[in-house]
Amino acid sequence: MPESRSEPDDATVDAVGKLVAALETVEQARGHLYAFHHLTGSADFALDEAAEALEKAGHTEWAERVRTELIGLNVLPERWTFQLIEEYDDGYYAAFRGMTREAAGDLTGGRRHLHEERIKRRRRTAGRPGHEMGRPST
């Protein structure tokens, strides 16, 4: 038999839902930051081929400029993209994620998606295969 839980009021569920939705937006931003990191790294490695092609085409000066001025260039002062990711993850992202989990723990018993859980409960067809409620959110 499932454990009985006292359910938070609708206003609390809605408020925590908004906080969780904001975190989900931050998660998307974080994904874009990782994409930025990978794309920038790929471009940096592609510069090796560009420099080689410039040299083979007889443009030694341009090849040398690419090698010395662009390859390995910081994207921001003293920072490569991996450093941006680490600082974002350890600072803003960790604080945002931590507060969201803490608020959900305090206000909804740790159920971060209780709002969606309630929507699922209303929208599913009870007893129909593929519409099972499943275990509660955590």
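Everything below is about the structure printed above this text.
Residues numbered from 1 in each chain as written. Predicted model: local features only at pLDDT ≥ 70, side-chain atom pairs only at ≥ 80, totals over all residues. Heavy atoms only, no water.

1. Observations concerning the packing of aromatic side chains
Scanning the model with the defined rule gives 4 aromatic pairs in all. Ring centres of W80 and F82 lie 6.4 Å apart, and the angle between their planes is 85°; on these two criteria the pair is classed as edge-to-face. The class of F82 is partly exposed, set by a relative accessible area of 38%. Consider the rings of Y88 and Y93, whose centres lie 6.5 Å apart with planes at 20°: the pair is stacked. Through pairs of rings, three or more aromatic residues link up here, namely Y88, Y92, Y93 and F96. Sitting above the plane of the Y93 ring, R30 keeps its charged end 4.3 Å from the centroid. (Phe/Tyr/Trp six-rings, centres within 6.5 Å; stacked < 30°, edge-to-face > 60°. Buried < 20%, exposed > 50% of the residue type's maximum accessible area, 1.4 Å probe, protein only. Lys NZ or Arg CZ within 6 Å of the ring centre and 35° of its normal.)

2. Description of the pattern of salt bridges
Side chains bearing opposite charge may pair, as long as their charged atoms lie close to each other. This model, assessed by the stated rule, comprises 11 salt bridges. The partner of E117 in a salt bridge is R111, with the nearest N and O atoms 2.5 Å apart. Classification of R111 as buried rests on a relative accessible area of 4%. Between E117 and R121 there is a salt bridge, with its nearest N and O atoms 3.1 Å apart. Of this pair, E117 and R121 are both found in helix α4 (residues 114–123), 4 residues apart, which corresponds to roughly one turn of the helix. (Salt bridge = Lys/Arg side-chain N within 4 Å of Asp/Glu carboxyl O. Helix = DSSP H or I, 4+ residues; strand = E, 2+ residues; numbered from the N terminus.)

3. Looking at the environment of D14
The topology assignment puts D14 in helix α1 (residues 10–56). Owing to a relative accessible area of 33%, D14 belongs among the partly exposed residues under this scheme.

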